[in-house]
Amino acid sequence: MPLGLGRRKKASPLVENEEAEPIRAGLNVPGLDGLDGSGVGLAEGAAQEGLPPPPTNLRPRLIFHTQLAHGSPTGRIEGFSNVRELYAKIGEAFGIPPAEVMFCTLNTHKVDMDKLLGGQIGLEDFIFAHVKGQRKEVEVFKGEDALGLTITDNGAGYAFIKRIREGSIIHQIQVINVGDMIESINGQILIGCRHYEVAKMLKELPRGKNFVLKLVEPLKAFDMISQRTGGRSGSGVQLGTGRGTLRLRSKGPATVEELPSAFEEKAIEKVDDLLENYMGIRDSELAATMVELGKDKRNPDEFAEALDETLGDFAFPDEFVFDVWGAIGDAKVGRV
């Protein structure tokens, strides 16, 4: 006779339930199924002392909840190690091409660049995916050397506007907004370019002449239509207080780590300032990667080799590498 042990039915990637949906309305939800950090650390082999870690197929799964930022049912995603794989999982959950995903924010559906998903995701974070919306073409007169833009990219080939400085040339053009993807400059397609390449191209445009930007804005919900700057919205939902994060990597598997220490936070801030002075961009994720590469190195030469191996595309000059090494050292000893 049957024992009643039938195969467990695979859960749908989309779930319409009352447990996750209040996130969209900005309600405080103390914990979501699969997101309450209890036991999650075991996924990385935190077993009892003296015992080997459990086999991979028996370790608890890291499952994240996600929605499309303009509104959708809630999806569950897992099994990704980098941003491209994350976008693929989001596309699979919602039945859209992964290339439609422009960027993600954590715990808010707003275009809030302070909540932008970079290389780390808190184990209790709720992921909102912003997808392509309206395309637009804008002619801009470069009357000053600085346009007032901070550029970032999504790690999968799209560069977009992270900040617009108040009073700048771009700030005066109302149709250009934070979150807009820069598709082309003067007809040159930028899909696949890193943010520093786009920033360099904008910086090298001749002063006193017009140039044409083709932009794609994220699809917005009704309460996002009037949003201009992408600053702090105050509507984000904090899901718990656990310090664990999933660190995404371009090479190798994702790992569960602690949030940056006080030293690392100070060093990241210093390196981010150096990046702005040297490259004209601010990029806390790039700064965090550089700090991670340098914190255990014994001298600048070892640090330079690590940078070349991991971030060779940037071709950092020796003087900049030495300044970054010094900033990391200063943060270690608590210098301001």
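Being a predicted model, the structure only gives us computed values, none of them experimental. (Residues numbered from 1 in each chain as written. Predicted model: local features only at pLDDT ≥ 70, side-chain atom pairs only at ≥ 80, totals over all residues. Heavy atoms only, no water.)

A. Quick peek at the packing of helix α5 (residues 300-311) against helix α6 (residues 318-332). It is the contact of α5 with α6, at a shortest axis distance of 10 Å, that shows an interaxial angle of 115°. By the angle between their directions, the pair α5 and α6 is classed as roughly perpendicular. Two packed elements cross with a definite hand, and for α5 against α6 that hand is right-handed. Residue-level inspection shows P300, F303, A304 and L307 of α5 in contact with α6, the latter providing V321, F322, V324, W325 and I328. Classifying every residue of the contact of α5 with α6 by side-chain character gives nine nonpolar, no polar and no charged. (Axes fitted to C-alpha atoms, helices over the stretch in contact; angles between N-to-C directions. Helix = DSSP H or I, 4+ residues; strand = E, 2+ residues; numbered from the N terminus. Parallel < 35°, antiparallel > 145°, perpendicular 65-115°, else oblique. Left-handed = near helix turned anticlockwise from the far one by under 90°. Contact = heavy atoms within 4.5 Å. Nonpolar A, V, L, I, M, F, W, Y, C, P; charged D, E, K, R; others polar.)

B. Representation of the pattern of salt bridges. Going through the model one piece at a time under the given rule, you end up with 10 salt bridges. Residues R163 and D114 are paired through a salt bridge, measuring 3.1 Å at the closest nitrogen-oxygen approach. Separated by 49 residues along the polypeptide, R163 in strand β8 (residues 159-164) and D114 in the loop between β4 (101-106) and β5 (120-122) bring together distant segments of the chain. The class of R163 is partly exposed, set by a relative accessible area of 37%. Across the salt bridge formed by R135 and E183, the nearest N and O atoms sit 3.3 Å from each other. Taken as a pair, R135 in strand β6 (residues 127-141) and E183 in strand β9 (residues 181-185) lie far apart in primary sequence, 48 residues in all. For R135, a relative accessible area of 48% translates into the label partly exposed. When salt bridges that share partners are traced, they join K136, D180 and E217 into one network. (Salt bridge = Lys/Arg side-chain N within 4 Å of Asp/Glu carboxyl O. Buried < 20%, exposed > 50% of the residue type's maximum accessible area, 1.4 Å probe, protein only.)

C. Quick peek at the nonpolar core. Residues I176, I182 and L202 are the most contacted members of the largest nonpolar core, which totals 54 residues. Ranked by residues supplied to this core, first place goes to helix α1 (residues 83-94) with six residues. Here L202 is in contact with K142, L147, L149, I151, I182, I185, F211 and L213, once residues within four sequence places are set aside. Judged by nonpolar contacts, the second largest core, of 26 residues, contains A287, A288, F303 and A306. (Core = buried A, V, L, I, M, F, W, Y, C linked by side-chain atoms within 4.5 Å.)

D. Up close: the pairing of strand β2 (residues 64-68). Taking burial as the measure, the five residues of β2 include five buried ones, the bulk of the element. Burial along β2 is two-sided: F64, T66 and L68 and H65 and Q67, pointing in opposite directions, are all buried. As paired strands, β2 and strand β3 (residues 74-77) are joined by three bridges and run antiparallel to one another. In the strand pairing of β3, H65 is matched with R76. Bridge count for β2 against β6 is three bridges, and the pairing is parallel. Each bridged residue has a counterpart across the sheet, and for L68 the counterpart in β6 is A129. (Pairing = 2+ DSSP bridges.)

E. Just a negative patch on the surface, in detail. Together, D301, E305, D308, E309, D318, E319 and D323 make up a negatively charged patch on the protein surface. For the negative patch, the elements supplying multiple residues, two or more each, are α5 and α6. With four residues, the single largest contributor to the negative patch is α5. Within the element layout of this structure, D301 appears in helix α5. Owing to a relative accessible area of 57%, D301 belongs among the exposed residues under this scheme. (Patch = residues over 30% accessible without salt bridge, like charges linked within 9 Å, V, L, I, M, F, W, Y side chains within 5 Å. Areas by Shrake-Rupley, 256 points an atom, 1.4 Å probe, with all protein chains shown as cover. Lys, Arg positive; Asp, Glu negative; His and termini not counted. Charge placed at Lys NZ, Arg CZ, Asp CG, Glu CD.)

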